[in-house]
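Each chain is listed here by its residues.
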Amino acid sequence: MRERVKKQSYFFLTRLHNFIGSSFAVRRLSDRICIEHDLSVILDPNRYSKSRFKHYGEWIGADKPPTFQQRLKAAVISALSAGPQDFDAFLALLADAGFEHKWGRGGVLSFRTQGNGQERFTRLRVSTLGDGFDIDTIRRIIEGRAVMPESWEKPAPRKVNLVIDIREKTRGGKGPAYRRWATMYNLKQMAAALQYLRENNLLDYEDLAEKAGAATERFHSTGDKLKVTETAMKRNADLKAAVVDYARTRPVFDGYRAKQYSRKYIAEHEADIAVYRAAQAAIREILNGEKLPKMDTLKAEWQTLAAAQKSGCAEYRAAQKDMREAVAVKANIDHLLGI
């Protein structure tokens with residue numbers, strides 16, 4: 001399994017171009033592939049070690065992922081905790097949890113996780129999983145003739161399996177090709193979400209919800225601030241245009257008044273007079289009783305607003321990207337948790 005992942009990583013890495021910071025892009029790509037195949041990822045890599053080097057078991061410590069046997073034990077305990085009516089219902093619960101089973105010679109029952117890299121089946125027997133994990137004991141627990149041993153750890157509430165949702169989608173007539181594509185798509189999305197949680201240290205759901213809420217609030221506040229700047233820029237542009245039209249057509253209107261508002265004069269300069277009156281009305285509406293600033297002041301104000309808009313657009317795009325990423329990750333986790 002690990003060799004196949006290495007080949008896949010090499011396939012992608014050989015097609016990357018060398019650029020500034022390419023090592024970080026390669027590391028993110030390698031981590032994404034390892035997460036998709038349920039392999040370990042170095043969260044805080046250090047090039048040099050200040051102490052003795054540790055082997056893989058010591059380095060991974062408590063972060064070691066559960067083995068296939070531990071996953072099967074947890075799934076068995078979870079299925080029995082759900083109170084199945086018979087042994088077939090027990091097998092159905094394990095199938096929903098992502099385990100396939102087969103019967104061997106002598107009534108031996110074995111399980112294997114689906115699409116998780118497990119190649120060989122794990123037998124359901126005491127010598128493999130421990131006391132109580134055999135067919136006879138499980139049958140007695142289901143029938144009510146025995147209770148679950150106290151030594152069994154109670155599992156956490158079972159998360160919603162994405163395969164169940166895919167099956168519901170395929171009931172509308174989708175074929176096996178769609179099922180395979182949807183499975184890989186969900187796997188990649190959840191791998192990306194897990195990588196985002198690790199990189200941002202959001203391992204608690206409350207922290208993730210707070211991050212998504214803060215990112216959304218920052219996006220809206222940045223957008224409101226940018227709207228205020230753009231409104232001020234529009235006011236400045238309209239006022240400058242009105243002032244220019246007013247200054248250009250004012251001599252014509254002064255001539256109109258000097259001619260005692262002659263009908264012949266207004267017929268010859270009707271368009272300019274209309275522009276003058278429209279510009280005068282626009283200036284009064286925009287200023288709303290304020291004093292008309294000089295053109296140099298308006299130009300300086302425009303430069304300040306343009307610089308603020310440029311920085312505001314960059315901040316808005318960054319806030320939008322952060323919000324979309326945080327909200328998408330939270331939506332994926334909510335979907336996985338059944339929220």
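Residues numbered from 1 in each chain as written. Predicted model: local features only at pLDDT ≥ 70, side-chain atom pairs only at ≥ 80, totals over all residues. Heavy atoms only, no water.

### A closer look at the sheet that holds strand 3 (residues 122–123)
The strand order across the open sheet built from three strands is 1-2-3, with neighbouring strands paired in antiparallel fashion. This sheet does not close on itself; its edge strands, each paired only once, are strand 1 (99–103) and strand 3. Examined bridge by bridge, strand 1 and strand 2 (residues 109–113) share five bridges and lie antiparallel to one another. Each residue of the ladder has a partner; that of W103, found in strand 2, is L109. Sitting on the sheet, helix 5 (residues 87–96) is in contact with strand 1 and strand 2, with an inclination near 135° to strand 1. (Pairing = 2+ DSSP bridges. Helix = DSSP H or I, 4+ residues; strand = E, 2+ residues; numbered from the N terminus. Contact = heavy atoms within 4.5 Å. Axes fitted to C-alpha atoms, helices over the stretch in contact; angles between N-to-C directions.)

### Here we look at helix 4 (residues 68–81)
Compared with an ideal rise of 1.5 Å per residue, which puts 14 residues at 20 Å, helix 4 spans 20 Å between its outermost C-alpha atoms and is within 8% of the ideal. Turning to helix 4, its buried residues are R71, L72, A75, V76, I77, S78, A79 and L80. Taken from the residues just after helix 4, G83 is the one with a positive phi, measuring 70°. (Expected span 1.5 Å × (residues − 1). Buried < 20%, exposed > 50% of the residue type's maximum accessible area, 1.4 Å probe, protein only.)

### Some remarks on the pattern of salt bridges
Taken as a whole and assessed by the stated rule, the structure comprises nine salt bridges. Linked through salt bridges whose partners overlap, the residues forming this network are R250, D254 and R257. (Salt bridge = Lys/Arg side-chain N within 4 Å of Asp/Glu carboxyl O.)

### A short note on the side chain of S110
Tracing the backbone shows S110 in strand 2. According to the relative accessible area criterion, S110 is buried, its value standing at 6%.

### Topic: the packing of aromatic side chains
Scanning the model with the defined rule gives eight aromatic pairs in all. With 5.9 Å between their ring centres and 55° between their planes, F253 and Y256 make a pair best called tilted. In this pair, F253 and Y256 are both assigned in helix 10 (residues 205–258), three residues apart and thus about one turn of the helix distant. The exposure classification of F253 matches that of Y256, with both residues buried. A network of ring pairs unites the aromatic residues Y246, F253, Y256, Y261, Y265 and Y276 as a single cluster. The ring of F87 carries the charged tip of R139 above its face, separated from the ring centre by 4.2 Å. (Phe/Tyr/Trp six-rings, centres within 6.5 Å; stacked < 30°, edge-to-face > 60°. Lys NZ or Arg CZ within 6 Å of the ring centre and 35° of its normal.)

### Structural notes on the side chain of Q195
Of note, Q195 is situated in helix 9 (residues 176–199). Discounting chain neighbours no more than four positions away, the residues touching Q195 are R28, D31, R32 and I35.

### Here's the deal with the nonpolar core
Ranked by internal contacts, the top residues of the largest apolar core, which has 20 residues, are V76, F87, F90, L94, F111, L124 and I138. For this core, the secondary structure elements donating two or more residues are helix 4, helix 5, strand 2 and helix 7 (135–143). The element contributing the most residues to this core is helix 4, with six residues. Excluding residues that lie within four positions of it along the chain, L94 makes contacts with A75, V76, A79, F99 and F111. (Core = buried A, V, L, I, M, F, W, Y, C linked by side-chain atoms within 4.5 Å.)

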